Structures are given as structure tokens and as C-alpha cells.
Amino acid sequence: MRARRLAAVVVAATLALSACSAAGDDSPTAGPTSTAAPLIPEASELPTALPSDVLAGEMQDLAKLAERLAQQLPAQRRPEPVRITGSSTRWQPGAAYRGVFADPDIVRHDGRWYAYATNTSHLRLPVLTSRDLSTWTPLATSGGGRVDPIEVGGWVRSRDGGRDLWAPGVDKVGNGWTAAYAAPAGTQGGQRHNCIGLTRAPSPAGPFRPVGEPICYGEAQLGVIDPDVFVDEHGVPWLLWKFSGVVNRRPAGLFIRQLNADGTGFADGSQTRELLTLDRPWEGNTIENPSMVQFRGVTYLFYSGNSWERADYATGYAICAGPEGPCVRQNHGDPLLSTASTGRLGPGGASAFVDHKSLRVVYHAWDQVGRTRQLHVASLWQRDDGTLEVLDPG
């Protein structure tokens, strides 16, 4: 571990914000983002302990635990288990869907849940809706037709009309909704090179239209992916993402940066913070798919590790001092959701959300490795010290 961490520090000090044109031979040219601060800052040693004023996490002393318990925390409700119903593997408006739905994100608006996923069924942004978290049907027009509610930026290089978007993140920012996605901006070294695009819509059902410039980092062969839009308890919007790493120079990591009030780009004067870097044996060769949530006074960072193609894929979590960290892994560094602990194959791509007074996680898992990644909803419980346990894997 120590050797890996030291290796991460040995990186050029000139890492800086890169236009998509740096990505490779056939990548499009894109202008810089709205700030000169680097998208990926120079590597540094990340803390292994939370600040003393964070009253949550493993290995807390009794005095800190007593101080936390003395706080007037919001009530917590024990969540009922959620079982996804339906058997249709076809994307058919009006039918309860149980097909491919990977890397899900979730929001609630006007009594309805909206779930978004990596492209499937020839849709750039597949969207399911539900009233109860159990029965999910495809978003449809008033006449019952299919809906693909997103328009991608002109920088996206795709042979399928942009239908190769990955792991979208959606949230309400200001007076509208921001959806972020990862898409190919070209190739580098013969592999897909990714940038992140931002879009805006008047509702969670879209239509989402491109805004701002693509967020790119040319020095990483695979670029940046897995964006998550997070709005904190003070109403400040943030963008989290996975940095894919630089071969033989820097491992994959999870980063965050403040968005502007309209969710159309980074806030003026904002800076990128690294939250976690690849570190644990179970994480294999990468960590990805960050998701941040605040619940009963604690800021949590969920993430996936290992290869999404295998049953080794799993979900871990950290407790953070705030949106900009520092963040420290919990559960003794082991995954919270794994094949062994849940009975679900390769549980990952998770997004955490608050359901009234309960904390839940929506994630995907294989029905059979290599076949279908299906939607699941796990129910969690916050212990007295702020750490989490899984009440039901969904």
C-alpha cells in the first residue's frame, strides 16, 4: 500500500487543465473551462484520519461519541426493504422494466422518482420513473412514446448518434436541473478517450440541452468519467468525477469541484480537491463512480472498485469532513456492498439518496455475470457513531 501511495506522489508538477484536443489524434478541439485552476491538481498524500471536529467515523473515542449523541440530530426511520418488480427486459413505455440499467442515479421530484443510467435500448439517457421505488417504467411522452431526453454536445465523437454515454449524474441546481455525462471525445492510444459534458433542463424529465464547454483531461488515456452532481445542505452545487489515472505515473482517483449557481460550469475561483485514490486490495486496478450524500450530520462518499465486468466489483464508502474532504474509508476499508455480503453479483455503480428519514443506495448487479446489470435498492442504517450497516441489499 505504502509503495502504491508513494508512486502516486511521483508525478509531474505541471499537471494542468487540458483541452480535449490534447486527448489524441481524432479528438475534437474544445475551449478551456471557465477557470485557470487545474482540473487535476498535483498528487499529494491524502489524510488517513478525519479532523478532530468530525464527530463520526470508526475509532472515535468515547468523548466524541458522547458529543455526537448529545446533538439534536434529525430522526432516522428504519427503512422497509425494496424489491424491484417487473419482468420485461424490453424498453416498453407502460411496462414494468427489469432489463439492463447500469450505473444508476436517482432523484425525486413532485412525488415521483426518476432513475438515470448508462446508455441502453438505443437511448443516450435512459430514464425510469416510479412512485414507490419498486415498480419502474420507462419515461414516456404523453402519447406513450419513447423518450430520449438529452441532446449531447457537438464535441461528442460517436458512430451511434451519441448513444454511448456513461454513468450520468443528475440533480436540481438553481432553478433548473443539471445532468452530467461522460462520452467519447475521440481516441488516445487506440482507446476511447472521455470527457464530461453538462446539460440543463427545466425538469428531471428533460429536455436536457448542452451548456458550457466539455470537461477534459488529455494526459489520462481514458480521460474523466462517472460524473455526479451533488447539492450540499447549504444549497452549494458540486461536481464529482473519476480521474482514470496516468499509466505508470498516477493511479485512478475521485475528485470534486464546486459548480456555479446555475450548474453550467465550475464556479469562478473554484479549485479541484482529491477525495480518494486507489488504495485497497479489493479495489483492484481502479476506483470509480463517486456518489456523495449528507445524512444526519454526516457527509458520505460512496464509490465502486475493481472491474465492473466481474463479480469482484463492489461498493465502498468513506466519511468526509465536508464536500471538499478530507475523506476516510470506513468499514475497516472493506466494501460495504460486495457479492459475498449481499448475494448480488458485482454490486456497484451506486448512488446514495435520502428517502424521507431513511438512507438508501441504488446500484446495479449482474443477474448472471456478463449478461444483465439490473437495478437494486439497498436500505442502510446509520449507527450511533455515524458509520453504516446494510439492513437489506434489495
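Everything here concerns the structure above.
Quick look at the structure, then. (Residues numbered from 1 in each chain as written. Predicted model: local features only at pLDDT ≥ 70, side-chain atom pairs only at ≥ 80, totals over all residues. Heavy atoms only, no water.)

The next point concerns the side chain of Thr-299. Relative to the elements of secondary structure, Thr-299 occurs in strand E14 (residues 298-305). At 3.1 Å, the side chain of Thr-299 forms a polar contact with the side chain of Gln-294. Ignoring sequence-local partners within four residues, the contact set of Thr-299 consists of Met-292, Val-293, Gln-294, Ala-318, Ile-319, Cys-320, Gly-322 and Pro-323. (Helix = DSSP H or I, 4+ residues; strand = E, 2+ residues; numbered from the N terminus. Polar contact = N/O pair within 3.5 Å; in protein donor to acceptor, adjacent residues only side chain to side chain. Contact = heavy atoms within 4.5 Å.)

An order of E5-E6-E7-E8 is seen for the four strands of this open sheet, with the pairing classed as antiparallel. Every interior strand has two partners, whereas the edge strands, strand E5 (166-173) and strand E8 (209-215), have only one. Here the strands of the sheet are splayed against their neighbours by 30 degrees on average, with no regard to which way each runs. As judged from the six bridges shared by E5 and strand E6 (residues 176-188), these two strands associate in the antiparallel manner. Bridge pairing links Val-170 to Ala-179 in E6. (Pairing = 2+ DSSP bridges. Axes fitted to C-alpha atoms, helices over the stretch in contact; angles between N-to-C directions.)

Strands in a sheet are paired, the pairing made by backbone hydrogen bonds, and the direction either parallel or antiparallel. If you walk across this open sheet you meet the four strands as E17-E18-E19-E20, and the pairing is antiparallel. The sheet is open, and its two edges are formed by strand E17 (345-355) and strand E20 (388-392), each paired on a single side. Each adjacent strand pair in this sheet contributes to an overall mean axis angle of 35 degrees, direction not counted. With eight bridges connecting them, strand E18 (residues 358-366) and strand E19 (residues 373-382) associate as antiparallel partners. In the sheet register, Val-362 faces E19, and the bridge partner there is Val-377.

A word on the pairing of E14. As a general feature of sheets, a regular strand has side chains that alternate between the two faces. Most of E14 sits inside the fold, with eight of its eight residues counted as buried. Of the two faces of E14, the one lined by Val-298, Tyr-300, Phe-302 and Ser-304 and the one lined by Thr-299, Leu-301, Tyr-303 and Gly-305 are each fully buried. Note: strand E13 (residues 287-295) against E14, seven bridges, orientation antiparallel. Counterpart to Gln-294 in the pairing with E14 is Thr-299. Between the end of E13 and the start of E14, which pair antiparallel, lie two residues, with Arg-296 showing a positive phi angle near 50 degrees. Direction of pairing for E14 relative to strand E15 (residues 314-320): antiparallel, over a ladder of seven bridges. Bridge pairing links Thr-299 to Cys-320 in E15. (Buried < 20%, exposed > 50% of the residue type's maximum accessible area, 1.4 Å probe, protein only.)

Taken by themselves, the reported measurements are silent on function.
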